[in-house]
Amino acid sequence: MLQIQRFNIYRSTIGEYWKSFGTITVSVSSCLRDGSTKYFDFVVIGSGVAGLRYALEVAKHGTVAVITKAEPHESNTNYAQGGVSAVLCPLDSVESHMQDTIVAGAYLCDEETVRVVCTEGPDRIRELIAMGAMFDHGEDGNLHLAREGGHSHHRIVHAADMTGREIERALLEAVVNDPSISMFEHHFAIDLLTSQDGPDTVCHGVDTMNTETQEVIRFISKVTLLASGGAGHIYPSTTNPPVATGDGIAMAHRAQAVVSNMEFVQFHPTALADEGLPVKPNKARENAFLITEAVRGDGGILYNLSMERFMPMYDERVELAPRDVVARSIDDQLKKRNEKYVLLDISHKPREKILSHFPNIATECLQYGLDITHQPIPVVPAAHYMCGGVRAGLQGETNVRGLYVAGEVACTGLHGANRLASNSLLEALVFARRAVQPSIDHMKCSGLDLSASSCWARPVVPNSLGSDVIDNILKTTVKVRKELQSIMWKYVGIVRSTTRLETAVGKISELESQWEEHLFEQGWEQTMVGLEACEMRNLFCCAKLVASSALARHESRGLHYTIDFPHVEESKRLPTIIFPSPINRTWSSRQLHKLAIC
């Protein structure tokens, strides 16, 4: 059950408790009880740009654990091609960047957040450069600034078409060389550890599972930063890496954190359409290959399969319209013409320029017989970015004491109803940095209680069920995952309707009940954990949040377009707020542990 409401200010429920927040007095010790419980001043969940940038700063003040689901580089950051937007040209201005962000966000952005991010962005870029990040420069020796859809100026700092990879490289190098930071690879975050202090929920760390050894490891911390990325895999086709299964949003929701604006799922208009390649891939991709916004920014033109340029029919900004407009335009063309993809052509530009700006795309396409310097690229929309997430204040704080958020998992109010191209890495950098000082302040007035670990029941790996039962559960879960993704694409996709959304809510609930019933019939227990099962519960949780939020918005704004309410309604220009419900009937909506009296 979800309690969905709207408020006319972004921080109405966040930060109020900080004003009266006093000192926590608990015992402090630096020793470890055993290998299955670890104690740190700061725990960071996620190893993308937000998590790593934050870790490097708080490591100056205490011990830090960075928990990452796979290898440290496997994050949405690493797949970000386009770049980072920032006002670095004398002809540009903060006001112009703000206006572009607000227009793209369909006027649902929080203006104070937008001003903070656009103002502080240039300094965050300079910090990356000082740390060794190498961005492209022009012939004049200055940073080469690209332009992307929705931007009125050239303001995209980039490293060819592999910007995220370069930022991740620089940050990881610094993290590896920092003795105060411990990296825990292949540790899947299961649930946040929380308790109640009067009306407040307090975060004390996180339970994880080492997916290589199948060992459950508990992390007790004074401060936790959630920087775990998005939930692209609630859809069958997404540009997100396989790790993006909404774990952070689901964990926070179960931990009583407020969630916001989940209806606004950004579909990148141009993912590589494998069906249109001269040579087809041997197997389906785990995630769609992104064709960066910068291709259109550099003059790329969209055509249907009859080589008719169609964007002028939809928007005067043509190929440089914001992503929601371009994605809907492509979707409309595909449905009207009963075609599987459209074409993005950059071949009219000089070969040398194409290869220097988009070497990664050129190499990928050439593997399948496509030379982008001579041939158009087959493209199709794919789920790309969650504009909603865990509701955050201006310092990344949440309504859960000791829990901060940054990056795609957070909803700061910057993106509103649609994210402006290349604002995601910028937001991650700014909020990771802004969360540092309040985290340090919280850490200094908190302590680590070595007896705290026994307050929560430990998750258990289901070895007792036997391999045949586990294999059966795994096969069922794989099938259910595909069914959920199909429901989301069919009923909660780019174009929506009330009937389809209601159908989605019903089908998701029914599928979840059937899956959980199967699990528990097989002997599964409340505290049992496995990677696939836990990812499935998180996907169910996020899918329900998206569908229910979409159903609650009776207008079309930004990324949320419904044929039953096709126009923007000024009276509804308010964020969707999802408060935690005290009634949690399903496994996916409950924390695995049960609080005991300490």
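Look up a bit, the structure's there.
Reading the values: the criteria
- Residues numbered from 1 in each chain as written.
- Predicted model: local features only at pLDDT ≥ 70, side-chain atom pairs only at ≥ 80, totals over all residues.
- Heavy atoms only, no water.
- Helix = DSSP H or I, 4+ residues; strand = E, 2+ residues; numbered from the N terminus.
- Buried < 20%, exposed > 50% of the residue type's maximum accessible area, 1.4 Å probe, protein only.
- Contact = heavy atoms within 4.5 Å.
- Areas by Shrake-Rupley, 256 points an atom, 1.4 Å probe, with all protein chains shown as cover.
- Lys, Arg positive; Asp, Glu negative; His and termini not counted.
- Charge placed at Lys NZ, Arg CZ, Asp CG, Glu CD.
- Core = buried A, V, L, I, M, F, W, Y, C linked by side-chain atoms within 4.5 Å.
- Salt bridge = Lys/Arg side-chain N within 4 Å of Asp/Glu carboxyl O.
- Polar contact = N/O pair within 3.5 Å; in protein donor to acceptor, adjacent residues only side chain to side chain.
- Pairing = 2+ DSSP bridges.
- Axes fitted to C-alpha atoms, helices over the stretch in contact; angles between N-to-C directions.
- Expected span 1.5 Å × (residues − 1).

Asker: What's the story with the overall build of the protein chain in this structure? I'm lost.
Answerer: On a plain count of helices and strands, the protein chain comes out with 16 helices and 20 strands. A buried classification covers 61% of the 598 residues belonging to the protein chain. Considering only intrachain contacts with a sequence separation of at least 6, the fraction spanning at least 24 residues in the protein chain is 77%. Approximately 22500 Å² of the protein chain is accessible, and the part contributed by carbon and sulfur atoms is 51%. Across the protein chain, 57 positive and 71 negative side-chain charges occur, with their mean positions spaced 3 Å apart.

Asker: Quick question: what am I supposed to make of the nonpolar core here?
Answerer: Soluble globular proteins tend to pack their nonpolar side chains together in the buried interior. Ranked by size, the top nonpolar core spans 74 residues in total, and within it Val206, Phe219, Tyr235, Leu484, Met488, Val492 and Val546 carry the most contacts. In contact with Tyr235, not counting residues within four places along its chain, are Val265, Phe267, Ala383, Gln485, Met488, Trp489, Val492, Gly493, Arg496 and Val546. Counting 52 residues, the second-largest nonpolar core is a separate cluster that includes Val117, Cys118, Phe135 and Ala227.

Asker: I'm lost on the pattern of salt bridges in this one. Help?
Answerer: Between side chains of opposite charge, a pair can form as their charged atoms come close. All chains considered together, the criterion is met by 40 salt bridges. Close ionic contact of Glu512 with Lys544 constitutes a salt bridge, the shortest N to O distance being 3.1 Å. Placement of the pair is Glu512 in helix H15 (residues 498-521) and Lys544 in helix H16 (residues 531-552), with a sequence separation of 32 residues. Taking the relative accessible area as the measure of exposure, Glu512 reaches 2% and is therefore buried. Take Lys544: its relative accessible area is 21%, and that puts it in the partly exposed class. A single network of salt bridges, built from pairs that share partners, joins Arg53, Glu57, Lys60, Glu120, Arg124, Glu127, Arg433 and Arg434.

Asker: Would you take a moment to explain the side chain of Ser556 for this structure?
Answerer: Positionally, Ser556 belongs in the loop between H16 and strand S20 (576-579). Polar side-chain contacts of Ser556 include one of 2.9 Å to the backbone nitrogen of Thr562. In this structure, Ser556 is in contact with Tyr561, Thr562, Phe565, Pro566, His567 and Val568, ignoring residues within four places of it in sequence.

Asker: Where do I start with the sheet that holds strand S6 (residues 156-157) in this structure?
Answerer: Sheets are built from strands that pair by backbone hydrogen bonding, the pairs being arranged parallel or antiparallel. Pairing is antiparallel across the open sheet formed by 3 strands, whose spatial order is S4-S6-S5. Two strands bound the open sheet, and with one partner strand each, they are strand S4 (84-85) and strand S5 (145-146).

Asker: Teacher, can you tell me more about helix H7 (residues 247-254) here?
Answerer: For an α-helix the count is 3.6 residues per turn, leaving residues at separations of three or four pointing the same way. In terms of burial, H7 is a largely internal element, 8 of the 8 residues being buried. Buried residues of H7: Asp247, Gly248, Ile249, Ala250, Met251, Ala252, His253 and Arg254, and no others. Downstream of H7 by a residue or two, Gln256 has a phi angle that is positive, lying close to 80°.

Asker: I keep staring at the sheet that holds strand S15 (residues 377-386) and nothing clicks. Help me out?
Answerer: Within the open sheet, the 4 strands sit side by side as S12-S15-S14-S13. Their pairing is antiparallel. Each end of this open sheet is capped by a strand with a single partner; those strands are strand S12 (265-272) and strand S13 (301-303). Each neighbouring strand pair of the sheet contributes to a mean axis angle of 45°, computed without reference to strand direction. Where strand S14 (residues 342-345) and S15 come together, 3 bridges link them in antiparallel fashion. Bridged to Leu344 within S15 is Ile377.

Asker: Can you help me understand H16 in this one?
Answerer: Between the first and last C-alpha of H16 there are 32 Å, a value that for 22 residues agrees with the 32 Å anticipated at 1.5 Å per step. For H16, the buried fraction is high: 17 of the 22 residues fall into the buried class.

Asker: Looking at this structure, I do not really get the pairing of S20. What am I missing?
Answerer: When a strand is regular, its side chains alternate between the sheet's two faces. Because side chains alternate across S20, one face comprises the buried residues Thr576 and Ile578, and the other comprises Ile577 and Phe579, equally buried. Across 2 bridges, strand S11 (residues 259-260) lies against S20 in antiparallel orientation. In the strand pairing of S20, Val259 is matched with Ile578.

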